[in-house]
Amino acid sequence: MSEPIIRCERPEDYAFVENMTREAFWNVYRPGCSEHYLLHTYRTDPDFIPELDLVMELDGEIIGHVMYVRSVIQADDGRKIPIVTFGPISIAPQWQKKGYGKRLVQESMQRAEQWGAGAVAITGSNVFYGKCGFVIAHTRGIRYENNPTAPYFLIAELKPGFLDGITGTFRDPDGYDIDEQKAEEFDAAFPPKVRLKLPGQLG
C-alpha cells in the first residue's frame, strides 16, 4: 500500500467528501449528524480558508478530510487576535484507528502555520489531540464562551510564543451555528440511514 497524500479539496470531490463526512459522524455525537451539512454551507462562507480545505488520498481514494476557518480570540485588553479553527475532520469509518487522523491533523497544522496562522483552537478530546500539541485552552488563559473552563476546549500554538501575554474569550464562528431544519432537508438527499440514540452521545 502506498503512502497517503494530502491535497486541497476540488469541486469534483465535494459530493464524495460530504457523504464520507456523513458516514464518519453518523450516530456518533447525536442521532444522525449534521457535519456534512456544515461542511456544505461553509464552503461559501467568507471565513472559510480554501487553502486549508484538505483531503487525504490513499491509492487514489479519498479517506479523510479537514477544513479550517478564520476565528478570533476576544482578548481581555480589547484586541481581536486572529487565529484559526478546524472541523469537521473526518476519516472514512473503515480507515479509522489506523493513525490517519493524527497524520491529517499534524500535516494540516503545518500547512496552517505556513498559511500564516499563529494558533488553532478546537473542541475535542485532549486524549487524542494532546498528542498533536494541543492543551486545554483555559490553562493558557483562553476561555470558551459557552463554558469558560471546558476541558474539551483546546488550543495549540502554531508559532511559538504567539499566545504569550494573551488572555481572553473564544466563541465559535457564526458559521458553526446551523439551521437544523435545513440540515435535515439537506440530509434527505442522501441514502436513508437510521438515526439511533446511543450511549455516550452528547445530545
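See the structure above.
Before going into details, it helps to say that this report is about the structure given with it. Residue positions within a chain follow its written sequence, with the count starting from 1. This being a predicted model, a pLDDT of at least 70 is required before a residue's local features are given, and a value of 80 or more before pairs of side-chain atoms are given or counted; all residues contribute to the totals for chains, interfaces and linings. Think of the side-chain values as coming from all heavy atoms in the structure, minus any hydrogens and water.

## Thoughts on the overall build of the chain
Under the scheme used here, helices are H or I runs from DSSP no shorter than 4 residues and strands are E runs no shorter than 2 residues, and both carry numbers assigned from the N terminus. A count of helical and extended segments in the chain gives five helices and nine strands. Counted from the first residue to the last, the chain has its helices and strands arranged as β-α-α-β-β-β-α-β-α-β-β-β-β-α. Here the radius of gyration uses the C-alpha set of atoms, whereas the globule reference equals 2.2 Å times the residue count to the power 0.38. Against the globule reference of 17 Å for 203 residues, the chain gives a C-alpha radius of gyration of 17 Å, in line with a compact fold. Projected onto the principal axes, the alpha-carbon positions of the chain cover approximately 50 × 40 × 30 Å. Using a 1.4 Å probe on the protein chains alone, a residue whose accessible area is under 20% of its type maximum counts as buried, one over 50% counts as exposed, and one in between counts as partly exposed. Going through the 203 residues of the chain one by one, you find that 46% of them count as buried. The contact definition used throughout considers only heavy atoms, calling two residues in contact when any of these lie within 4.5 Å. Pairs at least 24 residues apart make up 68% of the contacts formed inside the chain by residues separated by at least 6 positions. Residue burial considers only the protein chains on display, and all accessible areas are found by Shrake-Rupley using a 1.4 Å probe. Approximately 10,400 Å² of the chain is accessible, and the part contributed by carbon and sulfur atoms is 53%. Once the 22 positive and 29 negative side-chain charges of the chain are each reduced to a mean point, those two points are 4 Å apart. Charged-residue counts in this description rest on Lys and Arg as positive and Asp and Glu as negative, His and the chain ends being excluded. By convention, charge coordinates are those of NZ in Lys, CZ in Arg, CG in Asp, or CD in Glu.

## Quick word on the pattern of salt bridges
Two side chains bearing opposite charge may form a pair once their charged atoms approach each other closely. For this analysis, a salt bridge means a side-chain nitrogen from Lys or Arg found within 4 Å of a carboxyl oxygen belonging to Asp or Glu. Taken as a whole and judged by the stated rule, the model has 18 salt bridges. Note that Glu12 and Arg10 form a salt bridge whose closest N and O atoms lie 3.2 Å from each other. Residue class for Arg10 comes out partly exposed when judged on its relative accessible area of 38%. Across the pair Asp187 and Arg22 runs a salt bridge whose closest N-O atoms are separated by 2.6 Å.

## Quick look at the packing of aromatic side chains
Only the six-membered ring of Trp is used, alongside the rings of Phe and Tyr, when aromatic pairs are assigned; centres must lie within 6.5 Å, and planes under 30 degrees apart are stacked while those over 60 apart are edge-to-face, with the rest tilted. Evaluation of the coordinates by the stated rule reveals 14 aromatic pairs. With a centroid separation of 6.1 Å and an interplanar angle of 85°, the aromatic rings of Tyr144 and Tyr152 are classed as edge-to-face. Given the relative accessible area of 6%, Tyr144 is considered buried. Owing to a relative accessible area of 35%, Tyr152 belongs among the partly exposed residues under this scheme. For a lysine, the NZ atom is tested; for an arginine, the CZ atom; a charge sits over a ring if that atom is within 6 Å of the ring centre and within 35 degrees of the ring normal. One residue, Arg22, lies across the ring of Trp26, its end atom 4.7 Å from the ring centre. Taking the ring centre of Tyr14 as reference, the NZ or CZ of Arg43 above it sits at 3.8 Å.

## So, the nonpolar core
Residues Tyr68, Phe86, Met109, Val120, Tyr129 and Phe134 are the most contacted members of the largest nonpolar core, which totals 44 residues. A per-element tally of this core places strand β3 (residues 61-75) first, with six residues. In this structure, Tyr129 is in contact with Phe86, Ile89, Val105, Ile122, Gly124, Phe134 and Leu154, ignoring residues within four places of it in sequence. In this structure, Ala75, Ile81, Ala121 and Ile155 belong to the second largest nonpolar core, which totals 15 residues. By convention a nonpolar core is built from buried Ala, Val, Leu, Ile, Met, Phe, Trp, Tyr and Cys residues, the set being connected through side-chain atoms within 4.5 Å.

## Re unusual backbone geometry
With an omega of 5°, the peptide bond between Gly87 and Pro88 qualifies as cis. In this fold, Pro88 is placed in strand β4 (residues 80-91). Not every positive phi belongs to a glycine, and Asp59 is a case in point at roughly 50°. Examined against the element boundaries, Asp59 turns out to sit in the loop between β2 (54-58) and β3. Taking the relative accessible area as the measure of exposure, Asp59 reaches 53% and is therefore exposed. The backbone of Lys97 shows a phi angle near 60°, a positive value even though the residue is not glycine. Using a relative accessible area of 86% as the deciding quantity, one classes Lys97 as exposed.

## Some remarks on the side chain of Asp53
Here Asp53 shows up in the loop between α2 (35-42) and β2. For Asp53, which is buried and forms no salt bridge, the nearest opposite charge comes from Arg43, at a distance of 4.6 Å. Once residues lying within four places of it in the same chain are set aside, the contact partners of Asp53 are Arg7, Cys8, Glu9, Phe48, His65, Val66 and Met67.

## What to know about the pairing of strand β5 (residues 119-123)
Counting buried positions along β5 yields four of five residues, so the element is predominantly enclosed. Pairing between two strands is assigned when DSSP locates at least 2 bridges connecting them. Of the pairings in the sheet, the one linking β5 to strand β8 (residues 153-157) comprises five bridges and is antiparallel in character. In the sheet register, Thr123 faces β8, and the bridge partner there is Phe153.

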